[in-house]
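# Examining the three-dimensional arrangement
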Amino acid sequence: MSKQTEENGFTGAPQDLLVVRPEFRLADIDPGSTPGFKGGKSDGQAILAKRDSQLADLQERLFAEGKGGGKRSLLLVLQGMDTCGKGGIVSHVVGAVDVQGVRHAAFGVPTEEERRHDFLWRIEKQLPGPGMLGCFDRSHYEDVLVPRVHGLINDDELERRFSSIQDFESRLFENETRIIKVMLHLSKEEQKERLAARLDNPAKHWKYDPGDISARQQWDDYMAAYEAAILRTSTAYAPWYVVPADNKWYSRMVVQELLVAALEGMDPQWPSASFDVDEEKARLAES
Ligand code: ATP
């Protein structure tokens with residue numbers, strides 16, 4: 001664990017503690033836990049605020065590197081049951097960086113046109129370009145979760161999609177896109193409270209979808225589908241992290257830490273000036 005990680009309140013690096021390993025079982029992870037963090041909510045929120053500028057600085061470097069001809073990009077994939085906090089991560093974690101360097105895409109029920117193509121077609125169109133931080137609010141993983149739970153695809157098709165996803169992500173990696181996949185692991189009880197809070201607040205009714213109750217009724221099937229998909233597609237080049245999400249402050253600070261650690265590992269470089277700096281200073285002085 002880096003000294004910096006320790007200074008930021010973690011007793012263990014989230015990228016090591018939460019990364020999915022072959023023996024992974026979803027049921028072993030308590031959604032209310034805060035692995036690797038010894039503090040409470042106010043400590044977590046303070047760290048989150050303190051780290052914003054570090055994330056913003058690293059992202060600016062990546063963006064600048066891209067402007068200078070670099071090819072690298074970073075893609076954050078967010079998955080989880082309704083109310084798991086994807087939106088909060090987009091606004092509170094990713095939202096702390098300069099928007100011009102962010103490519104955000106949310107994937108809802110596929111349109112007629114999208115259904116006519118392979119499931120990766122709509123995903124490819126939203127990939128981050130050079131220097132960009134991509135943020136997927138749902139993703140190609142919906143296509144190995146929803147149809148499986150609804151019995152719309154058989155095992156052969158599911159397997160074909162898993163293989164396609166692996167090939168796709170491997171290709172992204174070769175094209176210098178670093179991928180971080182996060183499942184925000186929420187408990188059924190906490191989801192009930194969050195949905196009840198939405199129903200109680202007219203300002204939150206727009207976020208409520210009656211269909212969310214149907215998904216709740218198939219909770220166990222969704223958990224089984226998540227576990228299978230995560231086990232089958234967690235690779236060295238596109239690892240899955242299962243992040244306990246009953247405490248929003250914890251899941252936010254973990255995703256922030258995963259992004260910071262990934263960007264630190266990439267070590268993006270400011271591009272060197274394409275002009276003579278001294279000459280430009282002299283011209284400026286004379287102007
Ligand atoms: P969210 O539910 O992500 O918080 P939202 O309600 O604004 O946000 P919607 O446009 O309603 O988003 O889309 C989300 C819904 O679309 C989810 O129920 C999700 O399971 C479903 N969905 C996304 N991709 C697919 C897919 N490939 N196949 C079937 N359903 C999908």
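Scroll up to find the structure this text is about.
Owing to the predicted nature of the structure, the values given are computational and were not obtained by experimental measurement.

Conventions we followed
- Every chain is numbered independently, its residues counted from 1 as its sequence is written.
- Only residues with pLDDT of 70 or above have their local features reported here, since the model is predicted, and side-chain atom pairs are shown and tallied only from 80 upward, although totals for entire chains, interfaces and linings are computed over all residues.
- With hydrogens and water excluded, all non-hydrogen atoms of the structure serve as input to the side-chain values.
- Near is defined per residue: the residue qualifies when any heavy atom it owns lies within 4 Å of the molecule or strand.
- Think of a polar contact as two N or O atoms within 3.5 Å of one another; within protein, one of them needs to be a possible hydrogen donor and the other a possible acceptor, and neighboring residues in sequence only count if both atoms come from side chains.
- Here the Shrake-Rupley method, with its probe set to 1.4 Å, supplies the accessible areas, and only the displayed protein chains count as covering residues.
- Three residue categories are used. Nonpolar comprises Ala, Val, Leu, Ile, Met, Phe, Trp, Tyr, Cys and Pro, charged comprises Asp, Glu, Lys and Arg, and polar comprises the others, including Gly.
- When DSSP finds two or more bridges between two strands, those strands count as paired.
- Each helix corresponds to a stretch of at least 4 residues labelled H or I by DSSP, and each strand to a stretch of at least 2 residues labelled E; elements are numbered beginning at the N terminus.
- A fitted line through C-alpha atoms represents every axis, and for helices the fit uses only the stretch in contact; the resulting angles, taken between N-to-C directions, go from 0 to 180 degrees.
- By definition in these notes, contact holds between two residues if any of their heavy atoms fall within 4.5 Å.
- Buried, partly exposed and exposed residues are distinguished by accessible area as a fraction of the type maximum, computed with a 1.4 Å probe on protein chains only: under 20%, between the cut-offs, and over 50%, respectively.
- Any pair of Phe, Tyr and Trp rings, taking the six-membered ring for Trp, is counted once the centres come within 6.5 Å. Such a pair is stacked with planes under 30 degrees apart, edge-to-face with planes over 60 apart, and tilted for the rest.
- Whether a charge sits over a ring comes down to the Lys NZ or Arg CZ being within 6 Å of the ring centre and within 35 degrees of the ring normal.

Another aspect to go through is the site of the ligand. Taken together, Asp82, Lys86, Phe107, Gly108, Val109, Pro110, Arg122, Asp137, Arg138, Glu142, Asp143 and Val146 make up all the residues around the ligand. At 3.1 Å from a nitrogen atom of the ligand is found a side-chain nitrogen or oxygen belonging to Arg122. When the free accessible area of the ligand is taken as 620 Å², the share hidden by the protein chains comes to 63%. The residue inventory of the shell around the ligand, partitioned by class, reads 4 nonpolar, 1 polar and 7 charged.

Another aspect to go through is the sheet that holds strand S3 (residues 133-137). The parallel open sheet is built from 5 strands, whose spatial order is S2-S3-S1-S4-S5. The sheet terminates laterally at strand S2 (102-106) and strand S5 (240-244), the two strands that pair on one side only. On average, each strand axis in the sheet is tilted by 20° relative to the strand beside it, whichever way the strands run. With 8 bridges joining them, strand S1 (residues 73-80) and strand S4 (residues 177-185) adopt parallel strand pairing. Following the sheet pairing, Leu78 is matched in S4 by Val182. In this fold helix H8 (residues 155-174) packs onto S1 and S4, with an angle of close to 135° to the strand it touches most, S4. Along the sheet face, helix H11 (residues 219-233) touches S1, S4 and S5 and points at about 155° away from the line of S4.

Here the focus is unusual backbone geometry. Despite not being glycine, Glu176 shows a phi value in the positive range, around 70°. Summarising the element assignment, Glu176 is placed in the loop between H8 and S4. Of the residues examined, Glu176 reaches a relative accessible area of 36% and is grouped as partly exposed. One non-glycine residue with positive phi stands out, namely Asp267, at about 50°. Residue classification places Asp267 among the partly exposed positions, given a relative accessible area of 44%.

Quick look at the packing of aromatic side chains now. A full pass over the atoms with the stated rule returns 6 aromatic pairs. Measuring from centroid to centroid gives 4.8 Å for Tyr141 and Trp240, while their planes differ by 70°, and the two rings are edge-to-face. Note that Tyr141 is positioned in the loop between S3 and helix H7 (146-149) and Trp240 in strand S5, a separation of 99 residues in sequence. Assigned by exposure class, Tyr141 and Trp240 land together as buried. Three or more aromatic residues joined by ring pairs form one cluster here, namely Phe10, Phe37, Trp249 and Tyr250. Stacked on the ring of Trp121, the Lys or Arg Lys125 has its end atom at 3.8 Å from the ring centre. Of note, Arg161 hangs over the ring of Phe119, and the distance from its end group to the ring centre comes to 5.4 Å.

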